[in-house]
Amino acid sequence: MTGPTGSGKTTTLYSCLHFINRPDRKIITVEDPVEYLLSGINQVQVSEAVGLTFSFALRSILRQAPNVIMIGEIRDLETATIAINASLTGHLVFSTLHTNDAPSAVTRLIDIGVKPFLVASSTRALMAQRLVRKVCKQCAAPYLPTEAEMRTLGLDAASTQGATFQRGKGCSNCSNTGYRGRFGIFEIFVIDDEARKLIYEKVSSSVLRARAREMGMRTLREDGIRKVQVGLTTPDEVIRATVGDVD
């Protein structure tokens, strides 16, 4: 799971754990800090002051034969190595990294010091996430995007036929902002055999991104555009959240 601070990575990971949580499945997390308490899941709070680091906790956790491990964040080579070794020995491992998009997580792990063949063998899927504000339902009204917004999003009249653009006028429900609540936009890169070969060869993230697009990966901006066209959010919200999403 990748994205900047505050993009909802941890919340998404908790949702994944909650979805697969069963009485016969042992799930252990190592976090700093523990943000939500989940019943049926063993959660460990990292404490640098007493030497309970991510890597130290992970070494102990693996002796308890968990089925699923969640690591709050991969920050260094030692943590990354233990996480990858856990994955290679049959554990399902969830974690987060700070990168701008999904394919960049591969180059980030290699930059940390993980061998490319280990990254290729252990990684199954990479997901990037951003949060955008949701149009207030109580004051939403039809809206026609400007030419500049259409051009920035790569839209034209043909591609927007049947679209329902909306923008909040502002009311007491949304404190006159036009927005109420937030939701995620995502891009998911599922690693296939061809992508593994590229990782072995240590290609750049741009080459990996091109391969992901060939596989049908929908980028953050493309996912945002879909949600703009059904009236969930506005063009300027998607443009703001995906300003670095340029092919």
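In the block above lies the structure referred to throughout.
Residues numbered from 1 in each chain as written. Predicted model: local features only at pLDDT ≥ 70, side-chain atom pairs only at ≥ 80, totals over all residues. Heavy atoms only, no water.

Run through helix 8 (residues 205-214), naming residues and quoting values.
Within helix 8, burial applies to L208, R209, R211 and A212. Across the axial projection of helix 8, the buried residues extend over an arc of 160°, all falling on one side. Next to the buried residues of helix 8 lie helix 4 (104-112), strand 8 (179-190) and helix 7 (193-200). Just downstream of helix 8 lies G216, where phi reads positive at about 100°. (Buried < 20%, exposed > 50% of the residue type's maximum accessible area, 1.4 Å probe, protein only. Helix = DSSP H or I, 4+ residues; strand = E, 2+ residues; numbered from the N terminus. Arc of directions from axis to C-beta. Contact = heavy atoms within 4.5 Å.)

I'd like a description of the packing of aromatic side chains, backed by residues and values.
Counted according to the given criterion, the structure contains one aromatic pair. A centroid spacing of 4.9 Å and a plane angle of 85° characterise the contact between Y14 and Y36, whose relative ring orientation is edge-to-face. Of the two residues, Y14 is situated in helix 1 (residues 9-20) and Y36 in the loop between strand 1 (27-31) and strand 2 (42-45); the sequence distance between them amounts to 22 residues. A cation sits over an aromatic face here: R167 above Y143, 4.1 Å from the ring centre. (Phe/Tyr/Trp six-rings, centres within 6.5 Å; stacked < 30°, edge-to-face > 60°. Lys NZ or Arg CZ within 6 Å of the ring centre and 35° of its normal.)

Could you give an account of the environment of M217, with specific residues and numbers?
Inspection of the secondary structure assignment puts M217 in the loop between helix 8 and helix 9 (220-229). As a C-alpha pair, M217 and L52 span 165 residues in sequence and 38 Å in three-dimensional space. The contact partners of M217, leaving out residues within four places of it in the chain, are E187, I188, F189, R209, A212 and E222.

Residues and numbers for unusual backbone geometry, please.
At the junction of D32 and P33, the peptide bond is cis and its omega measures out at 0° in the coordinates. For P33, the location among the structural elements is in the loop between strand 1 and strand 2. Look at S175: it is not a glycine, yet its phi comes out positive at around 55°. For S175, the location among the structural elements is in the loop between strand 7 (166-168) and strand 8. On the accessibility criterion, S175 (59% relative accessible area) is exposed. Positive phi, normally seen in glycine, also occurs at K202, with a value near 55°.

Please provide a residue-by-residue account of the pattern of salt bridges, values included.
Tallying each qualifying case throughout the model produces 16 salt bridges. For E78, the salt bridge identified is with R59, shortest N-O distance 2.6 Å. Pair noted here: E78 is in helix 3 (residues 77-88) and R59 is in helix 2 (residues 54-61), with a separation of 19 residues, a long-range link. R226 is paired through a salt bridge with D223; the nearest N and O atoms lie 3.2 Å apart. On the criterion of helical spacing, the pair formed by R226 and D223 is a turn pair, its members being three residues apart in helix 9. You can call D223 buried: its relative accessible area is 5%. Each of D32, E73 and R75 takes part in salt bridges that share partners, so that together they form one network. (Salt bridge = Lys/Arg side-chain N within 4 Å of Asp/Glu carboxyl O.)

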